[in-house]
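Structural overview for review
In case you want the letters, here they are:
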Amino acid sequence: MKAKTHTTGQEEGSQPTEMETKLGKLFEEELRDIYWAEKALTKAIPKMIKNASSTDLIAALETHLTETEDHVKRAEKVFEIIGKTARGKTCEAMEGLIKEAEEIMEESEEGVMRDAGIIAAAQKVEHYEIASYGTLRTYAQTLGLDEAAAILEKTLKDEKKADEILTTVATSAINLEAAEEEVSE
Ligand SMILES: [Fe+2]
Ligand SMILES: [Fe+2]
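Within each chain, residue numbers correspond to sequence positions counted from 1 in written order. Whichever chain is written first is A, and whichever ligand is written first is 1; the rest continue in order. Totals for whole chains, interfaces and linings use every residue, but because this is a predicted model, local features are given only for residues with pLDDT of at least 70 and side-chain atom pairs only at 80 or more, for both listing and counting.

Right, let's get into the overall build of the protein chain. Put simply, DSSP H or I for four residues or longer makes a helix, DSSP E for two residues or longer makes a strand, and each gets a number counted from the N terminus. Helices and strands together make up the secondary structure of the protein chain, namely 5 helices and 0 strands. Counted from the first residue to the last, the protein chain has its helices and strands arranged as α-α-α-α-α. Of the contacts made within the protein chain by residues no fewer than 6 positions apart, 75% connect residues no fewer than 24 positions apart. Once C-beta atoms have been placed from the backbone, residue pairs whose C-beta atoms lie within 7 Å are recorded as contacts.

Once that is clear, we can look at the packing of helix H1 (residues 18-51) against helix H3 (residues 92-107). Here H1 crosses H3 at 10 degrees, and the two axes come no closer than 11 Å. When the axes of H1 and H3 are compared, the pair comes out roughly parallel. Taking contact as the criterion, the partners of Ala 37, Ala 40, Ala 44, Met 48 and Asn 51 in H1 are, on H3, Met 94, Ile 98, Ala 101 and Met 105. Every axis in this analysis is a line fitted to C-alpha atoms, fitted for helices over the stretch in contact. Angles between the N-to-C directions lie between 0 and 180 degrees. Any angle that falls under 35 degrees is termed roughly parallel, while one over 145 is termed roughly antiparallel, one within 65 to 115 roughly perpendicular, and all others oblique.

Between H1 and helix H4 (residues 112-142), whose axes approach to 10 Å, the crossing angle comes to 160 degrees. As far as their axial angle goes, H4 and H1 are roughly antiparallel. The chirality of how H1 crosses H4 is left-handed. Every residue of H4 that contacts H1 at Leu 23, Leu 26, Phe 27, Glu 30, Leu 31, Asp 33, Ile 34, Leu 41, Met 48 and Asn 51 is listed here: Arg 114, Ile 118, Ala 122, Val 125, Ser 132, Thr 135, Leu 136, Tyr 139, Ala 140 and Thr 142. The residue makeup of the contact of H1 with H4, split by class, is 13 nonpolar, 4 polar and 3 charged. By convention, the crossing between two helices is left-handed when the near helix turns anticlockwise from the far helix through less than a right angle, and right-handed when the turn is clockwise. Nonpolar residues are Ala, Val, Leu, Ile, Met, Phe, Trp, Tyr, Cys and Pro. Charged residues are Asp, Glu, Lys and Arg, and all others, Gly as well, are polar.

Attention now moves to helix H2 (residues 55-81). Its 27 residues give H2 an end-to-end C-alpha distance of 39 Å, which sits within 8% of 39 Å, the value for a rise of 1.5 Å per residue. Buried residues are those with 20 or more other C-beta atoms within 10 Å of their own C-beta, exposed residues have 12 or fewer, and partly exposed residues lie in between; C-beta atoms are placed from the backbone. If you check which residues of H2 are buried, you get Leu 57, Ala 60, Leu 61, His 64, Thr 68, His 71, Arg 74, Ala 75 and Val 78. Expected helix span is taken as 1.5 Å per residue step, with the number of steps being one fewer than the number of residues.

For soluble globular proteins, the rule of thumb is that nonpolar side chains tend to be buried together. A set of buried Ala, Val, Leu, Ile, Met, Phe, Trp, Tyr and Cys residues, joined to one another through C-beta atoms within 7 Å, is what we call a nonpolar core. Among the nonpolar cores identified, the biggest contains 41 residues, and Met 48, Ile 119, Leu 136, Ala 140 and Leu 152 are the most heavily contacted of them. Every element with two or more residues in this core is listed here: H1, H2, H3, H4 and helix H5 (146-184). The biggest single contributor to this core is H4, with 11 residues.

Tracing the chain through its elements places Phe 27 in helix H1. C-alpha separation for the pair Phe 27 and Ala 140, spaced 113 residues apart in sequence, amounts to 7.5 Å. Setting aside anything within four residues of it in sequence, one finds Phe 27 in contact with Leu 136, Tyr 139, Ala 140 and Leu 143.

With that settled, the discussion passes to the confidence of the model for the protein chain. By definition, pLDDT measures how confident the predictor is in each residue, and it falls between 0 and 100. Confidence in the prediction for the protein chain averages 91 pLDDT; 87% of positions are at 70 or higher. Per-residue pLDDT, averaged within each element of the protein chain, yields its smallest value for H5 (87) and its largest for H2 (98). The low-confidence segment residues 1-5, where pLDDT is below 50, has 1 contact with residues more than four positions distant or belonging to other chains.

If you want it as structure tokens, here you go:
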């Protein structure tokens with residue numbers, strides 16, 4: 001017996017339109033990309049935590065690591081909704097952003113300067129995620145995948161919040177101290 005697919009949230013029996021089929025494929029590709037990215041981040045964020053000095057920054061990264069672990073599980077849930085096996089596909093953009101973060105950490109002096117670099121790198125990551133989840137949520141809505149859209153929206157909110165917290169950490173302490181250090185040199 002052929003399994004019924006849920007790619008488009010179509011009513012049983014009705015055929016998806018060509019546009020829905022193509023958008024469904026794009027949705028799956030984008031989901032595989034972010035799934036790979038989230039899993040990579042569960043390994044990259046602990047390295048950032050190890051390299052950070054500011055307690056505020058460490059706390060922000062620790063909170064977001066827990067959230068990122070949830071994002072992996074939520075992406076798996078979305079795969080389940082569309083009836084596909086959870087399978088990541090190397091996200092070259094995220095691979096590059098993580099590599100850049102590692103370079104910043106290696107090349108910068110420990111303390112405020114490295115913290116400022118970690119924040120900059122982490123915010124680039126958040127912005128990539130915000131763009132991806134915004135797109136995925138909109139595709140899900142278009143495809144009538146309401147439950148998936150709600151899950152993706154939840155993650156999107158976490159990413160936006162993480163980005164805001166990083167901005168607060170940066171403006172409240174690190175950037176100020178980094179500037180002072182430069183002036184006093
Ligand atoms: Fe995430
Ligand atoms: Fe994130």
